[in-house]
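Understanding the architecture of this molecule
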Amino acid sequence: MSAYQIKNFTSDDAGDAKSWPFQEARNLIKRMEKVKHNGPVVFETGYGPSGPPHIGTFGEVARTTMVRRAFELLTGRETRLIAFSDDMDGMRKVPPHVPNQELLAGYLQMPLTVVPDPWGSHASFAHHNNAKLRAFLDQFGFDYEFVSSTDCYREGKFDETLIRVMERYEAVMEIMLPTLGEERRASYSPILPISPTTGRVLYVPMLEIDAAKGEVVYQDEDGQKIRTSVRGGAAKLQWKVDWAGRWHALGVDYEMSGEDLTESVRLSNRIVMALGGEPPAGFNYQLFLDEQGKKISKTKGNGIAIEEWLTYASPQSLSLYMFQNPKAAKKLYFDVIPKIADEYWAHLEKYAEQDGAKALDNPVWHIHEGKPPTVLPPANFAMLLNLVSACGAGEEATLRGFIKKYRPGASAEELAAADELITFAGRYFEKFIKPNKTFRPPDAREQAALAMLSARLKEMGEAGSEDDYQTAVFDAGKAQNYENIRDWFKGLYEVVFGQPAGPRMGPFTKIYGAAATAKLIDDALMH
RNA sequence: GGGCCCUUAGCUCAGCCGGUAGAGCAACUGACUUUUAAUCAGUAGGUCGAUGGUUCGAAUCCAUCAGGGCUCACCA
């Protein structure tokens, strides 16, 4: 049973909360005062199904959810989150790294929901990726409604908006044309018909537009002039107009997006106004940087993938990363993981003693949608890394033994939480610490002390108590007249464990074994 | 070059509807003959990117500049 830390907040508390999700929520409130509808307030996130969901997808949904929950607390209003998939978009190029390249090559420019699934498991390429998106979001427990662009068009949900765009055709063109290059300007159309003969999404000019009938005339790929209704999926809208049209049709009240889309947002805002709507609230979050502070690009493969993060730390730690400073470009690389992981636990611990606006501004309130868990692991990531580092990976039982000694009062739940951390720490150690471990040779004094300790441990065998072993360690140090006994320990850790600190030696020896410990020491002395 | 965003202690970040700069970690000092990133006590460290302005008063508002990021053909 997992328990939550539930706190009650007054409207004053919410009003005083200053963290960015609350500020965003207040912007949304301002918008809601303008549009005044009584239905659920609609939040939207976007997804492009030409590739699998990634860390940016997670960030957008996590951050949007944070604003959503803050808004709910501030207003008490009902909300929905739409995870929208742009699966009617044409496939511009065959995505690399998928099987059956030649098969897909025959479907260029066709809607992604028409392109066959290269893995053969779903109705289409887009269906495959859409399923991935849902599994991905479900894995984190996000609350959302999946909406497919193709379904919206085919089921006629966007018909009215398509026709609205035709009615406001001049205004829309006036907004779009100045942003286009000369060549594109000549053939630009906000409405993209789907060719009835080839099935491709056509980027062709409209020869005729009849808003009253909802019909357009254009030239098909074979040169034939076609007059068609735009309804029911016969046509779609092009990018910025599509975005605006979707806001209009679905009544989107809030959507955030990456900084690279700043200009698109501006244009789509103007377009939705031309359609007679009010742009949603939202802001542009910053992109992530890699180790060297360069922009992360999927094709370059720098930076870090979400699976990689989750190999070494919890989704909560990733949420914390997303919570912090969304408007500053931040380094997203492996070396931030241990710090963020422990900051998460520190925030969670602090939450227990906070209340009012302070608690609402605590990241864990946002990460856990108002319900942070009560259980803290009895040891944090840095400590576990240290322990793993001492006895090597694959010694999980040993680590558990340590944790039980370290926190005798730890509950089963806490130990379970620690288990997860042990796994993470083990992996992190193998990948990032082990390769960089540096064992230094002992100096003469250390050599003497270590030799004495090893001999003593062998003599005592496995029957000694923790205290006996601990005393043996001290005796070895004292015999060498260390003025500060800590120096002896420091030296011992550096020589034997390859790091400046380590586990308490008595319990370590008891759990790890006296003979095994003596062997560690002997091995170190051989260097 | 135009537009938008960012720049607070060594590091990670908080503070920003104006009222003599904060946290954690790192550093340093002291205590502790038993050390679990030890612990405890304490110290130091920032002209809040720079310069002007508004103000009795600015990290907080305005302007300019610098550095970094994104964007300004096509596609999304």
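Here, every reference points to the structure presented above.
Notes on the structure in this doc start here. (Residues numbered from 1 in each chain as written. Chains lettered and ligands numbered in written order. Predicted model: local features only at pLDDT ≥ 70, side-chain atom pairs only at ≥ 80, totals over all residues. Heavy atoms only, no water.)

1. Considering the overall build of chain A
For clarity, the cut-off: The secondary structure listing takes helices from DSSP runs of H or I that are at least 4 residues long and strands from runs of E that are at least 2 residues long, numbered from the N terminus. Throughout, a contact is declared for two residues whenever any of their heavy atoms are within 4.5 Å. Calculation of accessible area relied on Shrake-Rupley with a 1.4 Å probe; when residues are assessed, cover is drawn exclusively from the protein chains displayed. His residues and chain termini do not enter the charge count, which takes Lys and Arg as positive and Asp and Glu as negative. Taken as the charge location is NZ of Lys, CZ of Arg, CG of Asp or CD of Glu.
Within chain A one finds 24 helices and 13 strands. Each of the three principal axes of chain A carries a C-alpha extent, and together these read 100 × 60 × 40 Å. Intrachain contacts of chain A at a sequence separation of at least 6 include 69% that bridge at least 24 residues. Of the roughly 24200 Å² of accessible surface on chain A, a fraction of 50% belongs to carbon and sulfur atoms. Positive and negative side-chain charges in chain A, numbering 61 and 71 respectively, have mean positions lying 2 Å apart.

2. Thoughts on the packing of aromatic side chains
Worth spelling out the cut-off: Note on aromatic pairs: the rings of Phe, Tyr and Trp (six-membered ring only in Trp) are paired at centre separations within 6.5 Å, and the planes decide the class, stacked below 30 degrees, edge-to-face beyond 60, tilted for the rest. Residue exposure (1.4 Å probe, protein chains only): buried if accessible area is under 20% of the type maximum, exposed if over 50%, otherwise partly exposed. Distance and angle both matter: a charge sits over a ring if NZ of Lys or CZ of Arg is within 6 Å of the ring centre and within 35 degrees of the ring normal.
Scanning the entire structure with this criterion turns up 30 aromatic pairs. When the centroid spacing of 6.3 Å and the interplanar angle of 25° are considered together, the rings of Phe-84 and Phe-158 count as stacked. Residue Phe-84 is located in strand S2 (residues 79-85), and its partner Phe-158 is located in the loop between helix H6 (149-154) and helix H7 (159-167); the two are separated by 74 residues in the primary sequence. No difference in accessibility class separates Phe-84 from Phe-158, as the two residues are buried. Site record: aromatic cluster; members linked through ring pairs are Tyr-312, Tyr-333, Phe-334, Phe-381, Tyr-428 and Phe-432. In this arrangement the basic side chain of Lys-371 is found over the ring face of Tyr-4, its NZ or CZ atom lying 4.8 Å from the centre.

3. Side note on the protein's contact with RNA strand B
Just so we agree on the cut-off: One heavy atom within 4 Å of a molecule or strand is enough for the residue carrying it to be called near that molecule or strand. For this analysis, a polar contact is any N or O atom pair within 3.5 Å, provided that within protein one partner can donate a hydrogen and the other can accept it, and provided that sequence-adjacent residues contribute only side-chain to side-chain pairs.
Near RNA strand B, the surroundings consist of 44 residues, among which Arg-92, Glu-259, Gln-470, Arg-486 and Arg-504 are the closest. The protein-proximal atoms of RNA strand B, defined as those within 4 Å of the protein, are 61% sugar or phosphate. The separation between a sugar or linking oxygen of RNA strand B and a polar side-chain atom of Arg-92 is 2.7 Å. Within the side chain of Lys-478, an N or O atom sits 3.1 Å from a base oxygen of RNA strand B. If you list the elements that add at least two residues to the surface near RNA strand B, you get helix H10 (239-250), helix H11 (262-274), helix H14 (337-351), helix H17 (381-391), helix H21 (466-479) and helix H22 (485-497).

4. Re the nonpolar core
Stated formally: Working definition of a nonpolar core: buried Ala, Val, Leu, Ile, Met, Phe, Trp, Tyr and Cys residues. They are joined through side-chain atoms within 4.5 Å.
By size, the foremost hydrophobic cluster in this structure holds 104 residues, and its most contacted members are Phe-58, Trp-309, Leu-453, Trp-488 and Leu-492. Tallying contributions element by element places helix H19 (residues 412-433) first for this core, with nine residues. Not counting chain neighbours up to four residues away, the residues in contact with Leu-453 comprise Ala-472, Val-473, Ala-476, Trp-488, Leu-492 and Ile-521. Counting 45 residues, the second-largest nonpolar core is a separate cluster that includes Met-166, Ile-191, Ile-194 and Leu-250.

5. What about the layout of surface pockets?
Gaps left between atoms show up when a probe the size of a water molecule is rolled over them. Rules: In this analysis, the protein atoms alone were mapped onto a 1 Å grid. Cavities are point sets where a 1.4 Å probe fits without being able to get out; pockets are open sets with protein on both sides within 12 Å along at least five of seven lines; lining residues have an atom within 4 Å of a point. Grid points are joined across faces, edges and corners, and a volume is the space filled by probe spheres set on the points. All residues other than Ala, Val, Leu, Ile, Met, Phe, Trp, Tyr, Cys, Pro, Asp, Glu, Lys and Arg, Gly among them, are scored as polar; the first ten of these are nonpolar and the last four charged.
Approximately 380 Å³ is the volume found for the second largest pocket. What lines the second largest pocket is a set of 16 residues, among which Gln-316, Tyr-344, Trp-345, His-368 and Pro-373 lie closest to the centre. Contributing elements (two or more residues each) for the lining of the second largest pocket: helix H13 (315-323), H14 and H19. Here the lining of the second largest pocket gets four residues from one element, more than from any other, and that element is H19. Split into classes, the residues belonging to the lining of the second largest pocket amount to nine nonpolar, four polar and three charged.

6. Brief notes about the sheet that holds strand S7 (residues 225-229)
Threshold: When DSSP finds at least two bridges between two strands, those strands are taken to pair. Axis definition: a line fitted to C-alpha atoms, over the contacting stretch in the case of helices. Angles run 0 to 180 degrees between N-to-C directions.
Reading across the sheet, the three strands line up as S5-S6-S7 and stay open at both edges, with antiparallel pairing between neighbours. Each edge of the open sheet is held by one strand with a lone partner, namely strand S5 (208-210) and S7. Taking each pair of neighbouring strands and ignoring which way they run, the sheet shows an average axis angle of 20°. Two strands pair when backbone bridges link them, and strand S6 (residues 215-219) and S7 are joined in this way by five bridges, in the antiparallel orientation. Paired with Val-216 across the bridge in S7 is Thr-228.

7. Examining the side chain of Asp-87
Under the convention used in this document: In what follows, salt bridge is the name for a side-chain nitrogen of Lys or Arg lying within 4 Å of a carboxyl oxygen of Asp or Glu.
With respect to the helices, strands and loops of the structure, Asp-87 is situated in the loop between S2 and helix H4 (101-105). Look at Asp-87: it is buried, it has no salt bridge, and the nearest opposite charge is Arg-134 at 7.6 Å. Here Ser-149 takes part through its backbone nitrogen, which lies 3.1 Å from a polar atom of the side chain of Asp-87. From its side chain, Asp-87 meets the backbone nitrogen of Thr-150 in a polar contact 2.8 Å long. Excluding residues that lie within four positions of it along the chain, Asp-87 makes contacts with Pro-49, Pro-111, Leu-112, Thr-113, Ala-126, Asn-130, Ser-148, Ser-149 and Thr-150.

8. Details of the pairing of strand S1 (residues 41-47)
Heads up, the condition is: Handedness is read with the strands pointing away from the viewer; a crossover is right-handed when the path from the first strand over the helix to the second is clockwise.
Within S1, six of the seven residues are buried, leaving the element largely enclosed by the surrounding structure. In this fold, the crossover linking S1 to S2 by way of helix H3 (residues 55-75) has right-handed handedness. Looking at chain direction, S1 and strand S9 (residues 254-255) are connected through two bridges and run parallel. Bridged to Glu-44 within S9 is Glu-255.

Everything listed here is a matter of geometry and, on its own, says nothing about what the molecule does.
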